[in-house]
Amino acid sequence: MKPDSEPADGGPGSGDQPGKRAKGPKKPRSFWKELPLLIGIALILALVIKTFLVQAFSIPSDSMQNTLQQGDRVLVDKLTPWFGSEPERGEVVVFRDPGHWLDGEPTPDPNAIQRVLGWVGLMPSADEKDLIKRVIAVGGDTVECKGTGPVKVNGKALNEPYVFEGNTPCSVDDQGGQFKVTVPAGKIWVMGDHRQNSLDSRYHQNQPGGGAVPVDNVVGRAIVIAWPPTRWATLPKPDTFDQPGISAALSAAPAALGLAGAVPVVLWRRRRLAVAADGSARVSGGGTAG
């Protein structure tokens, strides 16, 4: 019998070369070598978040006092518009300049670090020409101001506790403060909370679009004041915009649905009456002939 001459797999002598030692686990890379990779990943994630989820914006003026103060940082929800959500009455939104609204406004001059941080969304970008206002009316709504107010949407008066103290809801002037406008489909009508210190939809009625802002220009909805910490607060939609009858589309919907439902019933009833009348005539005619 031939003796076993080969060792079991992995056992001593299983191919190990004399004098050659097995390799141990690799030594982990130092933190400083990993740091550039970590920074790169963080920047990519920040850029993705800024593009698709949330972006920080700085408040440059007093037009939204006292809801927002100059220098506040707000976080803007950019995700829901990707799923078809459109601005609603009462929301505070950030939107791109629809055309010449910011003409003559000073342009900030950030340093290189601020530019990079603004590009990835870690701080507000100085290059983006955006505005922030409150949505008062949406496409199809009729919004009006007469005298000092109140503002009316589809004939319903708004209760606006967010309007700056000492201001009136409507501005009495001949530059646009007095108006009655039907907002075109696909657009919104915006106004600042500091009514007598806000160049909003009212004062751009002589420009293309009649002061209304295209929904496509809306970057997103401001959801929270994130900075300074002492000013932290959410930005909910005021209850006045939920009052019954304010939505022209919804108030017309029950009547439209009722009419649509009534038409088949009326047609069905008329057909039954016609069939019954025809049958009665045939019976009567047969009797006479006999």
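Within each chain, residues carry numbers counting from 1 in the order of the written sequence. Reporting of local features is limited, given that this is a predicted model, to residues whose pLDDT is at least 70; pairs of side-chain atoms are given and counted only at 80 or more, and all residues count toward the totals for whole chains, interfaces and linings. Calculated side-chain values reflect all of the structure's heavy atoms, with hydrogen atoms and water omitted.

Enquirer: Would you explain the nonpolar core in this entry?
Expert: Most often, soluble globular proteins have nonpolar side chains that are buried together. Residue types Ala, Val, Leu, Ile, Met, Phe, Trp, Tyr and Cys, when buried and joined through side-chain atoms within 4.5 Å, form a set referred to as a nonpolar core. Think of it in three bands: residues with accessible area under 20% of the maximum for their type are buried, residues over 50% are exposed, and the middle band is partly exposed, with areas taken using a 1.4 Å probe on protein chains only. With 18 residues, the main nonpolar core has Ile136, Val143, Val151, Val153, Leu158, Phe179 and Trp189 as its most contacted residues. If you list the elements that add at least two residues to this core, you get strand E4 (130-138), strand E5 (142-145), strand E8 (179-182) and strand E9 (187-191). Look past the residues within four positions of valine 153 in its chain and what remains in contact with it is Arg89, Ile136, Ala137, Asp141, Thr142, Val143, Leu158 and Ile246. Counting residues in each nonpolar core, the second largest holds 13 residues, with Ile59, Val92, Ile132 and Ala222 among its members. In this description a helix means any DSSP run of H or I spanning at least four residues, a strand means any run of E spanning at least two, and both kinds are numbered starting from the N terminus. Working rule for contacts: check all heavy atoms of both residues, and any pair within 4.5 Å makes them a contact.

Enquirer: What is the right way to look at the pattern of salt bridges in this model?
Expert: In a structure, side chains of opposite charge can pair up when their charged atoms sit close to one another. When a carboxyl oxygen of Asp or Glu lies within 4 Å of a side-chain nitrogen of Lys or Arg, that pair is called a salt bridge. As enumerated under the stated definition, the model contains eight salt bridges in all. Measuring nitrogen to oxygen at the nearest pair gives 2.7 Å for the salt bridge that ties arginine 89 to aspartate 141. Of the two residues, arginine 89 is situated in the loop between strand E2 (73-77) and strand E3 (92-96) and aspartate 141 in the loop between E4 and E5; the sequence distance between them amounts to 52 residues. With respect to class, arginine 89 is no different from aspartate 141; both count as buried. The partner of arginine 134 in a salt bridge is aspartate 193, with the nearest N and O atoms 2.8 Å apart. Within this pair, whereas arginine 134 is found in strand E4, its partner aspartate 193 is found in the loop between E9 and strand E10 (213-214), the two being separated by 59 residues in sequence. Taken together, the salt bridges that share partners define one network made up of Glu88, Lys237 and Asp242.

Enquirer: Hey, could you run me through the confidence of the model for the protein in this one?
Expert: In low-pLDDT regions, the fine details of the predicted coordinates are not to be read closely. What pLDDT expresses is the predictor's confidence in each residue, scored from 0 to 100. With 61% of its residues at a pLDDT of 70 or more, the protein shows a mean pLDDT of 77. Note that residues 1-14 has pLDDT below 50 and, in this model, four contacts with residues that lie over four places away or in other chains. pLDDT under 50 marks residues 249-263. Its contacts with residues more than four places away, or in other chains, come to one contact.

Enquirer: Can you walk me through the side chain of threonine 67 in this structure?
Expert: In this fold, threonine 67 is placed in the loop between strand E1 (54-58) and E2. Judged by its relative accessible area of 19%, threonine 67 falls in the buried class. Pairs of N or O atoms within 3.5 Å make up the polar contacts considered here, provided that, within protein, one atom can donate a hydrogen while the other can accept it, and that residues adjacent in sequence are counted only when both atoms are side-chain atoms. Within the local environment of threonine 67, its side chain forms a polar contact with the side chain of aspartate 193, the two groups lying 2.5 Å apart. Discounting chain neighbours no more than four positions away, the residues touching threonine 67 are Arg134, Tyr162, Asp193, Ile225, Arg231 and Leu235.

Enquirer: So what exactly am I meant to see when it comes to the packing of aromatic side chains here?
Expert: Aromatic ring pairs are reported here in terms of the distance separating the ring centres and the angle at which the planes meet. Two rings from Phe, Tyr or Trp (for Trp, the six-membered ring) form a pair when their centres are within 6.5 Å of each other. A pair whose planes differ by under 30 degrees is stacked, one over 60 is edge-to-face, and the rest are tilted. With the rule as written, the count across this model stands at two aromatic pairs. On the numbers, 5.7 Å between centres and 90° between planes, the contact of phenylalanine 95 with tryptophan 101 is edge-to-face. We classify tryptophan 101 as buried; its relative accessible area is 9%. Taken together, a centroid distance of 5.1 Å and an interplanar angle of 40° make the contact between phenylalanine 179 and tryptophan 189 tilted. Of this pair, phenylalanine 179 sits in strand E8 while tryptophan 189 sits in strand E9; the two residues are ten residues apart in sequence, bridging distant segments of the chain.

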